[in-house]
Amino acid sequence: MITVYRMALGVVVAGGVLILYVVNPAASSIYPPCPLHSLTGLYCPGCGSLRAMHQLLHGEIWAAVRLSPLMVASIPVLCLLLAFRNRPYHPWVCWCALGVLLAYGILRNIPLWPFSCLTPHP
Amino acid sequence: MPIKMTCPSCGKTLSAPDNAAGKQAKCPGCGQIMTVPEAVVEAEGIYAPAPEPESSYSPQPPTGDGASWLDEVQGAAAGPTASGAGSEARRPCPQCGEMIVAGAAKCRFCNAVFDPRLKGVAGSSRRPPENYLVQAILVTLFCCLPCGIAAIVYAAQVNGRAQAGDIQGAIKASQNAKTWCWVSFGLGLAWIVLYAVFVASRVGRMH
């Protein structure tokens, strides 16, 4: 049963990656907008991630960083966490992840120079 | 029921009371510091070891100061009981309810750890339950932010409790982290489906 779930998940993820590769989220309205951004105009920590993923899939790393720096930076971290998921590690790691996500979500909404780099730039 | 062990350094056969299990002790023969292993006896009566002579509980240390060698154990709860192992006080394990020695540092049935100094060791040597941190971060970024944050908080609790030796609490936090990941994922999916319906209805009206 678990393998069926895993296979279904794999198919969904592969399909999603294919759609992301073919259709640019910056130029299409087939992707759902971020609820927070469409309601309040604020950027959530995930805003720009789909566009950044599209750029990454096309090898445009700098364009991806301009759209969502945290998303690009989190890829190696997530890979490390996945690799060491069976090793006991300090709860500090989880609290750090939470702190970084929340701080990023707040800072990228400050319209001043060093923080404005964190907003999605097309 | 004394714990029998062999000194890893000089090979001398030693015995210690049940409540010394997991504690540090010095071999009376050579002074080697070792950890007293746990009693291997799982069920009394099925396997009864040969009765130990009372004197083997407290062999004279080579220094000859008259103290039991277990008195050198760091923080040993009590020295060997005079009455012997057979009538040692027992209590039910707070975790699984099996009868264990009152001063036990660790339950021999469910492996629950009671000794605070052992807890850290037991927590780190055991594989902690899955904490779903990676999934939690992913759903925070791509699905529902508040639910993803709840999942990360529970992920941290999994590791914190596992480290403190609270395996039951860690398992519970792990289940909560998993639930929040799925809730966040489900909300994200619901948002996508709603948006798809909305787009489809607009496209339908245009035609």
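Residues numbered from 1 in each chain as written. Chains lettered and ligands numbered in written order. Predicted model: local features only at pLDDT ≥ 70, side-chain atom pairs only at ≥ 80, totals over all residues. Heavy atoms only, no water.

Let's talk about the interface of chain B and chain A
- Every contact between the two is made by 27 residues of chain B and, on the other side, 30 residues of chain A.
- A buried area of about 2500 Å², summed over both sides, lies between chain B and chain A, and 77% of it is on carbon and sulfur atoms.
- Run the count over chain B and chain A and you get zero salt bridges.
- Put simply, chain B and chain A have three residue pairs in polar contact (both at pLDDT 80 or more) between them.
- Residue assignment for the side of chain B that touches chain A shows that the elements contributing at least two residues are helix H2 (133–142), helix H3 (145–163) and helix H4 (167–206) of chain B.
- Across the side of chain B that touches chain A, the residue classes break down as 17 nonpolar, seven polar and three charged. (Contact = heavy atoms within 4.5 Å. Buried area = accessible area lost by both parts, 1.4 Å probe. Salt bridge = Lys/Arg side-chain N within 4 Å of Asp/Glu carboxyl O. Polar contact = N/O pair within 3.5 Å; in protein donor to acceptor, adjacent residues only side chain to side chain. Helix = DSSP H or I, 4+ residues; strand = E, 2+ residues; numbered from the N terminus. Nonpolar A, V, L, I, M, F, W, Y, C, P; charged D, E, K, R; others polar.)

Describing a nonpolar patch on the surface
All names here are of chain A.
- Together, Leu9, Val13, Val17, Leu18, Tyr21, Val22 and Leu57 line one region of the surface with nonpolar side chains, adding up to about 640 Å² of accessible area.
- Sort the elements by how many residues they give to the nonpolar patch and helix H1 (residues 2–22) lands first, with six residues.
- By the element assignment, Leu57 lies in helix H3 (residues 49–57). (Patch = residues over 30% accessible without salt bridge, like charges linked within 9 Å, V, L, I, M, F, W, Y side chains within 5 Å. Areas by Shrake-Rupley, 256 points an atom, 1.4 Å probe, with all protein chains shown as cover.)

A short note on the confidence of the model for chain A
- Taken residue by residue, chain A gives an average pLDDT of 87. The fraction at 70 or more is 99%.
- Per-element averaging of pLDDT across chain A places helix H7 (residues 113–116) of chain A at the bottom with 84 and H3(A) at the top with 91. (pLDDT = per-residue confidence, 0-100.)

Description of the environment of A:Cys44
- Note on placement: A:Cys44 falls in the loop between helix H2 (35–40) and H3.
- When residues no more than four places from it in sequence are discounted, the contact partners of A:Cys44 are A:Cys34, A:Leu36 and A:Arg108.

What about the nonpolar core?
- Grouped together as the largest cluster of nonpolar side chains are 23 residues, with contacts concentrated most on A:Leu81, A:Cys94, B:Leu133, B:Ile137 and B:Ile152.
- Within the residue set of this core, elements represented by two or more residues are helix H5 (69–83) and helix H6 (92–107) of chain A together with H2, H3 and H4 of chain B.
- When residues no more than four places from it in sequence are discounted, the contact partners of A:Cys94 are A:Tyr89, B:Asn131, B:Leu133, B:Ile152, B:Ala155 and B:Ala156. (Core = buried A, V, L, I, M, F, W, Y, C linked by side-chain atoms within 4.5 Å. Buried < 20%, exposed > 50% of the residue type's maximum accessible area, 1.4 Å probe, protein only.)

Describing the packing of aromatic side chains
All names here are of chain B.
- Under the counting rule described, the total for this entry stands at two aromatic pairs over all chains.
- Judged by centre distance (5.6 Å) and plane angle (90°), the rings of Trp182 and Phe185 are edge-to-face. In this pair, Trp182 and Phe185 both sit in helix H4, three residues apart, roughly one turn of the helix.
- According to the relative accessible area criterion, Phe185 is partly exposed, its value standing at 31%.
- Ring centres of Tyr195 and Phe198 lie 6.2 Å apart, and the angle between their planes is 40°; on these two criteria the pair is classed as tilted. On the criterion of helical spacing, the pair formed by Tyr195 and Phe198 is a turn pair, its members being three residues apart in helix H4.
- Here Phe198 falls in the partly exposed class, since its relative accessible area comes to 41%. (Phe/Tyr/Trp six-rings, centres within 6.5 Å; stacked < 30°, edge-to-face > 60°.)

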